[in-house]
Amino acid sequence: MKISALNGFKDIIPGEVELWQHVENVARDIFSRFNFSEIRMPILEKTDLFARSIGEATDIVEKEMYTFIDKQITMRPEATASLLRAYIQHGLHVQKPVQRLFTIGPMFRHERPQKGRLRQFHQMDVEVLGTPNPRVDAELMAMGAMFLEKLGVTVSLEMNSLGCPACRPGFRETLLAFIEERKDKLCDDCVRRSTTNPLRVLDCKNPKCREQVEEAPSIQEHLCDDCAEHFTSVQKGLDQLKVDYSLNKFMVRGLDYYTRTTFEFITKDLGAQAAVGAGGRYDGLVEKLGGPKVPGIGFALGMERLVLLLQQKEEQKTDNSKIDIFVAGLGEKASEFVFPLVHILRQQGLQTAMDHEGRSLKSQMKQANKLNAGYVLIIGENELEQGQAVLRNMATQEQQEITIDSDNMKMASLLMKKCRQ
Ligand code: ATP
Ligand code: MG
């Protein structure tokens, strides 16, 4: 019986992996323009790290985490908590007062697998630690927008402010009063949430609840002076950078740590999996995790969703890969001769392939075509005896005879020159 991958876990195979590399390359290019450094963290962390940061009363911590109960460790469901743990552990705030960090890797959540929703999925995560400046909020959103534009995917940016510990409790009370009046018309989840996390009622996907909260008070109108000023400055920054956005008073995000700015990049092309990226500010979080009093902001992009969008666009042809030279040895003697030659060509930097199955010339030429080889070197037993091989330029179809040098190094240098002409 064959064994398949677990439900919600996927292989990324050749033909598809090129798109992933492309997404990652574009991200690295854009992130470095904004002066970000890469950081890599382990996949396993203490469960408490996520309970304390993401929050006990969130979907992630309540029901989505892969936790080894006996060991109290969890496979990271997102990157921010681990990144901050590493930031604190290595005292990165001492090295540099403002750290701009990004990380790319797999995350794990036990969700119902669907298109664009997996149990092992991949995020590109970006964080700026050490500044409360609203310009940085605008800069980060602008960087996300620049990345998505360069990739060629169309999204809209939605933004909200969730206030701070000074103003959110007041809003919570106002909202709670509003919810109490309509409790009998809300879904069971929302009734439960209204006591633990009433803000979550605002972003319930249930149409019944949506209708009920349509007239709900807006947090944007209940911000304290400092948060209101911050929110205005973020919008001014976005205007200066000419980033399109809209305000969404219902966006609360599923993680407890956010303060002030929150945002999402939304696509219309992936059905229910509409968010390709999301994030926000978390000014109290580093301190809550035992670190210094340092503000922060960040966001994460979902790579599966980006790749799906690129695949749907179809313009992106998947396989553009190319090799420099295919060395066709015909027969055992010739194969024995080309085997070390191929190795030397690879040492010298040429992308080189050969056949190991003793195939015919015709079939080896087919292979070379499939691999999109720039050149093919043909060496049969006769050629070997006569000391002459044929080098074929696959683009121009031109062939030339070249003298076989029994010294592999010399032969390789000659081929290097010809192939790099
Ligand atoms: P959603 O509302 O789609 O569940 P989320 O709010 O849980 O998303 P975040 O925790 O903010 O997502 O993660 C940031 C991004 O990571 C999302 O915008 C999405 O693109 C991606 N993402 C989150 N969960 C998954 C998943 N299970 N599979 C694939 N991508 C995901
Ligand atoms: Mg989710």
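Not measured: the values here are computed from a predicted model. (Residues numbered from 1 in each chain as written. Chains lettered and ligands numbered in written order. Predicted model: local features only at pLDDT ≥ 70, side-chain atom pairs only at ≥ 80, totals over all residues. Heavy atoms only, no water.)

Some details on the pairing of strand β10 (residues 275–281)
The buried fraction of β10 is high, at 6 of 7 residues. Sheet topology places strand β9 (residues 259–266) next to β10; 6 bridges connect them, and they run antiparallel. Residue pairing for β10: I266 is matched across the bridge by A275. Summarising the sheet, β10 and strand β11 (residues 296–302) pair through 5 bridges and their orientation is antiparallel. Bridge pairing in β11 places A278 opposite A300. (Buried < 20%, exposed > 50% of the residue type's maximum accessible area, 1.4 Å probe, protein only. Helix = DSSP H or I, 4+ residues; strand = E, 2+ residues; numbered from the N terminus. Pairing = 2+ DSSP bridges.)

Re the site of ligand 1
In the region of ligand 1, 15 residues are neighbours, and R109, E111, R117, L118 and R253 sit closest. One nitrogen or oxygen atom from the main chain of L118 is found 2.9 Å from a nitrogen atom belonging to ligand 1. The separation between an oxygen atom of ligand 1 and a polar main-chain atom of A275 is 2.9 Å. Considering ligand 1 on its own, with 580 Å² of exposed area, one finds that the protein chains cover 88% of that surface. Those elements giving two or more residues to the shell around ligand 1 turn out to be β6 (120–129), β10 and β11. With 4 residues, β10 is the single largest residue contributor to the shell around ligand 1. Within the shell around ligand 1, the residues separate by chemical class into 6 nonpolar, 4 polar and 5 charged. (Near = heavy atom within 4 Å. Polar contact = N/O pair within 3.5 Å; in protein donor to acceptor, adjacent residues only side chain to side chain. Areas by Shrake-Rupley, 256 points an atom, 1.4 Å probe, with all protein chains shown as cover. Nonpolar A, V, L, I, M, F, W, Y, C, P; charged D, E, K, R; others polar.)

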